[in-house]
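Survey of secondary and tertiary structure
Take a look at the letters that make up each chain.
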Protein chains: 2
Amino acid sequence: MSTNRTDVRRLAQRGSNDRNAAYEILDAAMVAHVGIVDEDFPVVIPMLCARDGDHLLLHGSSRSRLMRNLAEGCNACVTVTLIDSLVLARSTFNHSANYRSLVVFGNARALRKLEAKRAALEKFVEHLLPGRSADARPGNAGELKATLIVAMPIDEFSVKARSGPPVDKRTDMDLPVWAGELPIITRFGTPIAAPELADATDVPDYIKSLFPHA
Amino acid sequence: MSTNRTDVRRLAQRGSNDRNAAYEILDAAMVAHVGIVDEDFPVVIPMLCARDGDHLLLHGSSRSRLMRNLAEGCNACVTVTLIDSLVLARSTFNHSANYRSLVVFGNARALRKLEAKRAALEKFVEHLLPGRSADARPGNAGELKATLIVAMPIDEFSVKARSGPPVDKRTDMDLPVWAGELPIITRFGTPIAAPELADATDVPDYIKSLFPHA
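Residues numbered from 1 in each chain as written. Chains lettered and ligands numbered in written order. Predicted model: local features only at pLDDT ≥ 70, side-chain atom pairs only at ≥ 80, totals over all residues.

What to know about the relation of the copies chain A and chain B
Placing chain A over chain B gives an RMSD of 0.0 Å and needs a rotation angle of 180 degrees, together with 0.0 Å of translation along the axis. Expressed as a symmetry operation, the mapping of one chain copy onto the other fits a two-fold axis. Closest to the rotation axis within chain A is the C-alpha of T186 of chain A, separated from it by 2.2 Å. Most of the interface of chain A is mirrored in chain B, where 100% of its interface residues again form contacts. (Least-squares fit on C-alpha atoms with pLDDT ≥ 70 in both. Contact = placed C-beta atoms within 7 Å.)

Okay, structure coming up:
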């Protein structure tokens with residue numbers, strides 16, 4: 001869906017409302033930046049994110065004012081950004097970054113039923129580390145009550161992206177300046193066992209599989 | 001500086017107003033998420049960021065509505081987040097992330113003088129890739145006029161961070177579940193030369209130095 005709000009915001013040549021592109025960005029992201037309005041001031045807070053079908057999931061403590069506002073359906077903007085590379089042009093002005101971003105506007109609703117909350121918490125864990133939710137102990141009733149989980153429809157959204165080499169002015173093309181892309185790679189490092197972990201607890205396969213060449 | 005707005009937002013045990021910590025986070029970040037309010041709705045947009053002393057710098061096209069609002073001194077919130085690791089607890093509920101984040105509230109002002117704008121553009125390039133600003137062609141008058149650059153005082157801000165191993169309930173400590181930290185490492189990949197780059201243009205030393213073991 002495209003509305004005036006999303007249309008206004010995007011550079012026409014970089015925007016799209018491709019739902020699959022939106023899901024791809026969200027599924028590859030760990031963190032969303034969540035904006036709300038508090039007495040005429042914007043507040044932007046980082047939160048872990050996940051996706052359940054056509055909804056974006058956020059969670060936090062029931063004591064968090066931001067979460068309580070979201071649960072009450074306040075106006076919200078959730079933005080997810082993946083940086084793919086620095087784009088080095090021959091001129092300072094034409095430097096850029098290759099990126100993919102998703103901006104979702106709307107109003108979330110709180111999940112109330114314990115079973116829905118338990119399933120959502122597992123979505124978060126599974127989103128960050130596939131295989132983990134079958135291993136860790138699931139949330140119990142007390143823990144689920146202490147957690148606010150909200151679902152925001154991925155309905156009014158905008159996808160923006162830049163890819164490819166730098167674009168320099170014709171008159172800059174012969175400058176003796178290296179130009180190109182400097183990829184930014186994010187990967188997992190060697191797992192660090194918790195200090196009180198029982199000796200017999202092996203690193204599970206779903207973590208080992210993150211390091212195919214180790 | 002600490003105000004009610006920043007106090008309200010932070011979990012007491014994770015918050016601080018340490019200026020050096022704020023600078024360290026900002027200096028290590030590539031992207032900030034910038035929030036403004038537009039007709040009662042929050043709008044959160046990713047932007048490259050830089051720092052000039054005790055000010056945070058943002059830039060964009062003079063045609064961008066967000067940039068024009070920032071230049072007019074609208075209420076703004078700029079948030080920078082670094083994710084250091086996933087924190088895997090024995091229970092789903094106690095999963096977390098190690099991170100460092102900086103939230104700055106305030107009102108920016110536009111840089112007007114060409115010389116100040118040129119210096120600020122170089123701060124951006126230098127922030128992302130030290131050494132680059134002495135190599136690439138500096139901005140000319142026309143380019144600087146097409147760019148809005150705003151400086152936001154790092155005055156009303158909040159730093160939050162989590163570090164260290166998972167914290168599990170005592171009753172979960174003997175579960176046969178691997179627990180610990182999964183570091184998230186961000187690094188540069190092999191540079192990709194622009195397709196029309198002259199053959200004689202070598203990768204400069206300030207880029208080679210990013211790959212000490214290559």
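Concerning the interface of chain A and chain B
Frequently, the measure chosen for interface size is the accessible area that the parts lose on association. On the chain B side, the residues contacting the 83 residues of chain A number 83 residues. Put simply, the parts of the chain that give the side of chain A that touches chain B at least two residues each are α1 (4-9), β2 (31-38), β3 (41-52), β5 (75-88), β6 (96-107), α4 (114-128), β10 (180-188) and β11 (192-193) of chain A. Looking at the side of chain A that touches chain B, the element that brings in the most residues is β10 of chain A, giving 9 residues. For the side of chain A that touches chain B, the residue count by class is 52 nonpolar, 15 polar and 16 charged. Alignment of β10 of chain A against strand β11 (residues 192-193) of chain B, held across 2 bridges, turns out to be antiparallel. Its bridge partner lying in β11 of chain B, E181 of chain A is registered against I192 of chain B. (Helix = DSSP H or I, 4+ residues; strand = E, 2+ residues; numbered from the N terminus. Nonpolar A, V, L, I, M, F, W, Y, C, P; charged D, E, K, R; others polar. Pairing = 2+ DSSP bridges.)

Observations concerning helix α2 (residues 19-28) of chain A
Counting along an α-helix, one turn takes 3.6 residues, and residues three or four places apart therefore face a common direction. Residues and elements named next belong to chain A. Listed in full, the buried residues belonging to α2 are A22, I25 and L26. In an axial view of α2, the angular spread of the buried residues amounts to 95 degrees, which keeps them on one side of the axis. Away from the buried face of α2 by more than 90 degrees, exposed residues N20, D27 and A28 are located. (Buried ≥ 20, exposed ≤ 12 C-beta atoms within 10 Å, placed from the backbone. Arc of directions from axis to C-beta.)

Side note on the environment of E181 of chain B
Summarising the element assignment, E181 of chain B is placed in strand β10 (residues 180-188). Separated by 83 residues in the primary sequence, E181 of chain B and N98 of chain B have C-alpha atoms spaced 8.5 Å apart. Setting aside residues no more than four positions away along its own chain, E181 of chain B makes contact with I192 of chain A together with S85, V87, N98 and P165 of chain B.

Thoughts on the pairing of strand β2 (residues 31-38) of chain B
All names here are of chain B. Counted residue by residue, β2 has 6 buried out of 8 residues, so it is predominantly covered. Where β2 meets strand β3 (residues 41-52), 8 bridges bridge the pair, whose relative direction is antiparallel. Of the residues in β3, the one forming a bridge with V37 is P42. Taking the residues between adjacent antiparallel strands as the criterion, β2 and β3 are bridged by 2 residues, where E39 takes a positive phi near 50 degrees. In the sheet, β2 pairs with strand β5 (residues 75-88) via 3 bridges, with the strands oriented antiparallel. Across the sheet, V34 pairs through a bridge with V78, a residue of β5.

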